Amino acid sequence: MSDKAYMVPNPPTPNKAVAFNPDICTGCNLCVEVCPTDVMMPNPEKKQSPIVVYPEECWYCGGCVEECPRPGAITMLHPTQQRISMNWKRKDTGELFRLGMKSPPPPNNRPPSGG
Amino acid sequence: MSTWHEYVQKTGKVPEWPYPVDYGKINEIVCDVLVIGGGVAGLRAAISAARSGVKVAVLERGHAKRSGAGGAGVDHWHGAVTNPCSKVTPEMYTNACYDSMNGWTGGHVRYIITRESWDTLLECEKMGIQIRDVNDEFKGAVFRDEATKLMFAYDYRSRHVIRVWGFNIKPKIYEEARRLGVNIQNRMMPTALLTAGGKQGAKVVGATAVNARTGEFYVFKAKATVIATGGAGRLFDFAPEVTASGSMGNMNASGAGEALGWKAGAEFVCMEGSGPGRLTGYAYAPYSMANAHNTYHGAPIVDADGKEVPWVDAFNRPVKNVEGRFLPSEGQDFILGEGIGISRYAEQFRNNSLIYDLPERVRKGEFKLPLYADLTRLSEEERRCIFGMMVGNEGKTRIPVYDIMTKAGFDPDKDLFQAPVTMPEGYAHPNFWSTGVNTPPTVRSLGGGGFLTDWELRTNLEGLYVGAGGNLFGGGCHGESHTTGRYAGRHAAEYARTAPEAAVDRGQVEAERESAYTATRQSKGGNGWKEINAAIARIMRDYCGEYKNEQTLKLGLRLLNELKTTELASAYASNPHELGRLLECRSLITVGELAMKASLERKASNSMLDFHRIDYPQTDPPEWNKLLPMRQENDRVKVRELPLDFHLKAPYASGYEENYKKYSGA
């Protein structure tokens, strides 16, 4: 079995910048509205997640995620070259972790100061 | 499904442009004060103008709710010397900046900033931004004042830099601007300032712009105009695929305001100044890795075996404990703090830092890589303040670092945060994440120069004011942008109240409209904007690099013009977004020309401007210790000379206080 192949340009670098969860996103386009560089555009189909058109123009401010009224609908994804660099080591065990690893440690749920 | 590629392969269709396109359709907006640039400076200008009762419009390239270099947040506010806890006066602070730069910064602008920074911050508080520890999270901490609940950074004794919870600062000031009825026009790429009779050097009466979603044309008629735009971030380097995620300035930074001003006949100084492109984005995601600078000032850095890297004061004497990292040392009145738009700090105002010879000691194996930030060595208050308060509120840290890292399991109470692994020279500056050594040495950033303004932040052009960070001579960073924006907006409004209705020149408007849409009428085989931008950056790196001479500068000017009249003139835009980016390329070329022309005029090398003429190798000869204000008249460059301390010479008074009282309008 094989999917139909298309003549498309290479995937841009970075590939995505942000990703949508279609189960949570309602296609309200508030993120599209505020993005300073028009990284994404409204989907031609109503109520569907926006389409990331210009991921290389994203500067990773996270404003779209802050704007989103439905937590989890949009996730900011640092480029892989940045994710691979964000490493930490547990002081007492020496375990190594990094952003994007297969089996991450449990989340730290402490909110930021003031929040 | 998230990306265009997914959409196309799922549906077999290329999506149509989602916004109605009507290239060239004219929209007219009439106001008293027009603000170009809706970042923190621009919105503060708009708010202060609107509060005085005039009609205000903002022309914004992105969307003003979150746009601009300051739009992603702020964690500490500089120069708030008039706050009730401060031991620093405006004169002390201004002189510290001015003396550190040997006079190569606008002293009047510095003074205005320090006089009004605290008041500007208090207004932020009224707009809903947290500037005090109101929840008593840090009660009893050494950096907190118990009476006012203010928290301080860098210098806990002098108390003039205030820690703030500014992750939402932009949405809050946006709401205030909206509440005051400011007419905010988003997605606008400005193409020109309009002047009386369409003449260069005449009174500014508005601007033209193209909407980068609809392609429609906008004519703004204004009695007064404030330029509040950012710098030309894409001028020397264009590789967003690699650099955009590591940068502290977004793609919209095309130097549009400077280009508009230069074409209209506004005066600039020090545009020949530049520096290594340390923050151009050849870096790690900002604040996402261990370092000991700025937001992370004071963080303990340890090597792979847990051995801590010592700290030293400005005079290279050991700093014994953590508290000492935040205190002036013997011989210092106060510490200025980092990130205020100056490139050199005199020792008596310089920060404590990691040992200066760390690269050498890494090379010798004394400190083993990788280095880590070990925040567990700090008190709970200091640790939480760095990761949780500062990281979490500073620009690009709320979602990109705090949220993402904690969700991924990072815990500052338990974990060592790794620093970049790089060549030893990369540890010369404690801001490890920006790793200047990763930036190609040919990549420069313009720095230190900008619009020349008077004590009212007015340019040489009637009706044109400037409130901004990077492109205002004497400007700074985040807080400074708020403060100068607010001040410029106040003066623009004051001028507009008695100015006659703006009369725009129809010929100028039509000429702008004609040229703005060239790229929509070209063959689809024409170049795209990225190709052009990369070529501009190549010309700048090669012909306006660290070492300059007359022949190569002239060749560079020739090549910029070649590009403009050949590849850019035939470039094609398939939609309004690409058109906006191509118009930005025009701005970039103009700013590049300005930098080269300014470089040609200074026939001497200059250490403060990091300016090196191979054909005039003598550095800092006394006869060149002067500003060279430049403008265009009939498209010819006009240069004059001005002493560095012009702001304290006739027609101005000789003291800061006296001038401020006379001109501030406060």
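A. How the structure looks around the overall build of chain B. The helix and strand inventory of chain B stands at 16 helices and 23 strands. Computed over C-alpha atoms, the radius of gyration of chain B comes to 24 Å, within 12% of the 26 Å expected from 2.2 N^0.38 for 666 residues, which places it in the range of a compact globule. Counting only C-alpha atoms, chain B reaches 70 × 65 × 55 Å along its principal axes. Taken across its 666 residues, chain B has 60% of its residues classed as buried. Put simply, of all contacts in chain B between residues at least 6 apart along the chain, 75% involve residues at least 24 apart.

B. Representation of helix α11 (residues 478-498) of chain B in the model. Counted at 1.5 Å a residue, the expected span for α11 of chain B with its 21 residues is 30 Å, and the 31 Å between its end C-alpha atoms agrees. Most of α11 of chain B sits inside the fold, with 18 of its 21 residues counted as buried.

C. Here's a closer look at the domain arrangement of chain B. All names here are of chain B. Assigned domains of chain B: these are domain 1 (26-280 + 447-498), domain 2 (294-438) and domain 3 (518-621). Taking only C-alpha atoms into account, the centre of domain 1 sits 25 Å from that of domain 3. Only β6 (188-195), β7 (204-211), α7 (256-264) and β10 (274-276) provide two or more residues apiece to the side of domain 1 that touches domain 3. The biggest single contributor to the side of domain 1 that touches domain 3 is α7, with five residues.

D. How the structure looks around the interface of chain B and chain A. Tallying the contact residues gives 60 residues for chain B and 55 residues for chain A. Of all elements in the fold, only α1 (4-11), α6 (240-243), α10 (398-407) and β16 (415-418) of chain B reach the threshold of two or more residues within the side of chain B that touches chain A. Per-element accounting of the side of chain B that touches chain A gives the leading share, eight residues, to α10 of chain B. Summarising the sheet, strand β5 (residues 87-90) of chain A and β16 of chain B pair through three bridges and their orientation is antiparallel. The partner of Arg90 of chain A across the bridge, within β16 of chain B, is Asp415 of chain B.

E. Fine view of the environment of Glu176 of chain B. All names here are of chain B. Inspection of the secondary structure puts Glu176 in helix α5 (residues 169-179). The sequence separation of Glu176 and Ala46 amounts to 130 residues, and the corresponding C-alpha distance is 9.9 Å. When neighbours within four sequence positions are excluded, Glu176 is seen to be in contact with Ile47 and Met127.

F. Quick peek at the nonpolar core. Residues and elements named next belong to chain B. If you look at the biggest cluster of nonpolar residues, it comprises 229 residues, and the most contacted ones within it are Val33, Ala46, Val56, Val226 and Ile536. Sort the elements by how many residues they give to this core and helix α15 (residues 576-601) lands first, with 11 residues. When residues no more than four places from it in sequence are discounted, the contact partners of Val56 are Cys31, Asp32, Val33, Val35, Ala46, Ala49, Ala50, Val182 and Asn183.

G. Highlighting the confidence of the model for chain B. The pLDDT averaged across chain B works out to 97; a share of 100% of its residues lies at or above 70. Among the prediction metrics, the complex's ipTM stands at 0.98, with pTM recorded as 0.98.

H. Expanded view of the environment of Glu514 of chain B. Relative to the helices and strands, Glu514 of chain B is located in helix α12 (residues 506-516). On the neighbour-count criterion, Glu514 of chain B (10 C-beta atoms within 10 Å) is exposed.

I. Inspection of the sheet that holds strand β15 (residues 372-373) of chain B at higher detail. If you trace the five strands from one edge of the open sheet to the other, you get β6(A)-β5(A)-β16(B)-β15(B)-β11(B), paired in antiparallel fashion. The open sheet terminates on both sides in strands that have one partner only, identified here as β6 (96-98) of chain A together with β11 (301-302) of chain B. One ladder, built from two bridges, connects β11 of chain B with β15 of chain B; its direction is antiparallel. Counterpart to Ile301 of chain B in the pairing with β15 of chain B is Ala373 of chain B.

J. How the structure looks around the pairing of β5 of chain A. Residues and elements named next belong to chain A. With three bridges joining them, β5 and β6 adopt antiparallel strand pairing. Bridged to Asn87 within β6 is Arg98. Linkage of β5 to β6, two consecutive antiparallel strands, is achieved through a turn of five residues, within which Gly94 is found at a positive phi near 75°.

K. Summary view of the sheet that holds strand β14 (residues 353-354) of chain B. All names here are of chain B. Taking strand neighbours across the sheet as the criterion, the three strands line up as β13-β12-β14 in an open arrangement whose pairing is antiparallel. Of all the strands in the sheet, just β13 (318-319) and β14 have a single pairing partner and so form its edges. Bridge analysis of strand β12 (residues 311-312) against β14 gives two bridges, and the strand direction is antiparallel. In the sheet register, Trp311 faces β14, and the bridge partner there is Leu354.

Criteria and thresholds
- Residues numbered from 1 in each chain as written.
- Chains lettered and ligands numbered in written order.
- Predicted model: local features only at pLDDT ≥ 70, side-chain atom pairs only at ≥ 80, totals over all residues.
- Helix = DSSP H or I, 4+ residues; strand = E, 2+ residues; numbered from the N terminus.
- Rg over C-alpha atoms; globule rule 2.2 N^0.38 Å.
- Buried ≥ 20, exposed ≤ 12 C-beta atoms within 10 Å, placed from the backbone.
- Contact = placed C-beta atoms within 7 Å.
- Expected span 1.5 Å × (residues − 1).
- Domains from an automatic or database assignment.
- Pairing = 2+ DSSP bridges.
- Core = buried A, V, L, I, M, F, W, Y, C linked by C-beta atoms within 7 Å.
- pLDDT = per-residue confidence, 0-100.

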